[in-house]
Amino acid sequence: NAGVTQTPKFQVLKTGQSMTLQCAQDMNHNSMYWYRQDPGMGLRLIYYSASEGTTDKGEVPNGYNVSRLNKREFSLRLESAAPSQTSVYFCASTVPLLQETQYFGPGTRLLVL
Amino acid sequence: EDKVVQSPLSLVVHEGDTVTLNCSYEVTNFRSLLWYKQEKKAPTFLFMLTSSGIEKKSGRLSSILDKKELFSILNITATQTGDSAIYLCAVFKAAGNKLTFGGGTRVLVKP
């Protein structure tokens, strides 16, 4: 039982490049989330998916797209990376009746030059 | 707009000291408040509080919620260097499936 996994661990992009951050969970959780974390800003929600086939915008969705490929996987895409998207990205998932207690992946550190 | 504010931003203490972290919130349809600890990587869950005035304890950590004054505190007694981390407070609303996080408090415990 690996919990929540994220790939890659670290990535460097040039401005304008695109990439997809992958997230998978093996806990049969319904809801999945993408956050970004910047110094002093806590975690800010980018997008979330309450269940397979649904996605909703969070607090800071601009510049990102998501895909809930199946119940296990939730990917985050940057179509044209900008330096302002330099951050640490966390994926999380949760069970339906305990949606508060989110389980986080180890994070992806992204640097956009 | 929902707000969760943590204070102080950071603090440095010595082993054995007691630390008190604050979290105030302004959200509609409040359901619960959570505390997470973040060391090197992913945040890990500490407490969830839903009822006012009831203290949750886990070893040297304890937390309490005041729903009237809209705040929570997290206490760490007899601090150890392993308590060094960022402590995050988050609020969950009754409607919707998401947490709103505060900016975190960075705690450094020196030997």
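Residues numbered from 1 in each chain as written. Chains lettered and ligands numbered in written order. Predicted model: local features only at pLDDT ≥ 70, side-chain atom pairs only at ≥ 80, totals over all residues. Heavy atoms only, no water.

What should I look at first to understand the pairing of strand β7 (residues 61–66) of chain B in this one?
Note on strand geometry: in a regular strand, side chains alternate between the two faces of the sheet. Residue and element names in this part refer to chain B. Where strand β6 (residues 56–58) and β7 come together, 3 bridges link them in antiparallel fashion. Residue pairing across strands places Ser58 opposite Leu61, the latter belonging to β7. Linkage of β6 to β7, two consecutive antiparallel strands, is achieved through a turn of 2 residues, within which Gly59 is found at a positive phi near 65°. With 6 bridges connecting them, β7 and strand β8 (residues 71–76) associate as antiparallel partners. Note that in β8 the partner of Leu65 across the bridge is Ser72. Where β7 hands over to β8, the hairpin turn is made up of 4 residues, of which Leu70 adopts a positive phi near 60°. (Pairing = 2+ DSSP bridges. Helix = DSSP H or I, 4+ residues; strand = E, 2+ residues; numbered from the N terminus.)

What should I look at first to understand the sheet that holds strand β3 (residues 19–26) of chain B in this one?
Residues and elements named next belong to chain B. In spatial order, the strands read β1-β3-β8-β7-β6; together these 5 strands make up an open sheet with antiparallel pairing. The sheet terminates laterally at β1 (3–7) and β6, the two strands that pair on one side only. Strand-to-strand twist of the sheet, defined as the mean angle between neighbouring strand axes without regard to direction, takes the value 15°. Where β1 lies against β3, 5 bridges are found, and the strand directions are antiparallel. When the sheet's bridge partners are listed, Lys3 is paired in β3 with Glu26. (Axes fitted to C-alpha atoms, helices over the stretch in contact; angles between N-to-C directions.)

Honestly, the interface of chain B and chain A in this entry has me stumped. Any pointers?
Frequently, the measure chosen for interface size is the accessible area that the parts lose on association. Taken together, the contact pairs 19 residues of chain B with 19 residues of chain A. Taken together, both faces of the contact between chain B and chain A bury some 1,700 Å²; the carbon and sulfur share is 58%. Linking chain B with chain A are 0 salt bridges, by the criterion used here. For the interface between chain B and chain A, the tally reads 3 residue pairs in polar contact (both at pLDDT 80 or more). (Contact = heavy atoms within 4.5 Å. Buried area = accessible area lost by both parts, 1.4 Å probe. Salt bridge = Lys/Arg side-chain N within 4 Å of Asp/Glu carboxyl O. Polar contact = N/O pair within 3.5 Å; in protein donor to acceptor, adjacent residues only side chain to side chain.)

How do you make sense of the pattern of salt bridges when you look at a structure like this?
Where charged atoms of side chains with opposite charge meet at close range, the side chains can pair. Enumeration according to the criterion identifies 6 salt bridges over all chains in this entry. Across the pair Glu79(A) and Arg77(A) runs a salt bridge whose closest N-O atoms are separated by 3.2 Å. The salt bridge partner of Lys93(B) is Asp2(B), with a shortest N-O separation of 2.8 Å. One end of the pair, Lys93(B), is in strand β9 (residues 85–93); the other, Asp2(B), is in the segment before β1, and 91 residues separate them in sequence.

Where do I start with the state of the cysteines in this structure?
One way to say it: the disulfide is the covalent bond shared by the sulfur atoms of two cysteines. All names here are of chain A. For the structure on display, the rule yields 2 disulfides over all chains. A sulfur-sulfur separation of 1.8 Å characterises the disulfide bridge that pairs Cys23 with Cys91. Between Cys23 and Cys91 the sulfur-sulfur dihedral comes to about -70°; the bridge is accordingly left-handed. A residue pair is termed long-range when its members are at least 10 positions apart, and Cys23 in strand β3 (residues 19–25) and Cys91 in strand β9 (residues 87–94) qualify at 68 residues. (Disulfide = S-S within 2.5 Å.)

What is the right way to read the confidence of the model for chain B from this model?
Low pLDDT means the predicted coordinates in that region are not meant to be read closely. On average, residues of chain B score 92 in pLDDT, and 99% of them reach the 70 mark or higher. The least confident element of chain B, judged by mean pLDDT, is strand β10 (residues 99–101) of chain B at 90; the most confident is β3(B) at 97. (pLDDT = per-residue confidence, 0-100.)

In this structure, what is going on with the packing of aromatic side chains? I would like to understand it.
Two measures describe an aromatic ring pair: the distance that separates the ring centres and the angle between the ring planes. Applying the stated criterion to the full structure yields 11 aromatic pairs over all chains. Each ring, one from Tyr33(A) and one from Tyr48(A), has its centre 6.0 Å from the other, and the planes form 15°; the classification is stacked. Taken together, the residues Tyr33(A) in strand β4 (residues 31–37) and Tyr48(A) in strand β5 (residues 43–49) connect sequence positions 15 residues apart. You can call Tyr33(A) buried: its relative accessible area is 0%. Among the residues examined, Tyr48(A) registers a relative accessible area of 9% and is labelled buried. Ring centres of Tyr36(B) and Phe101(B) lie 5.9 Å apart, and the angle between their planes is 50°; on these two criteria the pair is classed as tilted. With Tyr36(B) in strand β4 (residues 30–38) and Phe101(B) in strand β10, this residue pair connects regions lying 65 residues apart in the sequence. A relative accessible area of 8% means that Phe101(B) is categorised as buried. Ring-pair connections join several aromatic residues into one group, and the members of that group are Tyr33(A), Tyr35(A), Tyr48(A), Phe90(A), Phe104(A), Tyr36(B), Phe45(B) and Phe101(B). (Phe/Tyr/Trp six-rings, centres within 6.5 Å; stacked < 30°, edge-to-face > 60°. Buried < 20%, exposed > 50% of the residue type's maximum accessible area, 1.4 Å probe, protein only.)

Help me out: how do you make sense of the nonpolar core in this one?
Nonpolar side chains in soluble globular proteins generally cluster together in the buried interior. All names here are of chain B. Within the largest apolar cluster, 22 residues are counted, with the highest numbers of intra-cluster contacts made by Leu21, Tyr25, Phe30, Leu33, Trp35, Tyr87 and Val91. Those elements giving two or more residues to this core turn out to be β3, β4, β5 (43–49), β7, β8, β9 and β11 (105–110). In this structure, Tyr87 is in contact with Gln6, Leu21, Tyr36, Lys37, Leu46, Leu74, Ile76, Gly104, Thr105 and Val107, ignoring residues within four places of it in sequence. (Core = buried A, V, L, I, M, F, W, Y, C linked by side-chain atoms within 4.5 Å.)

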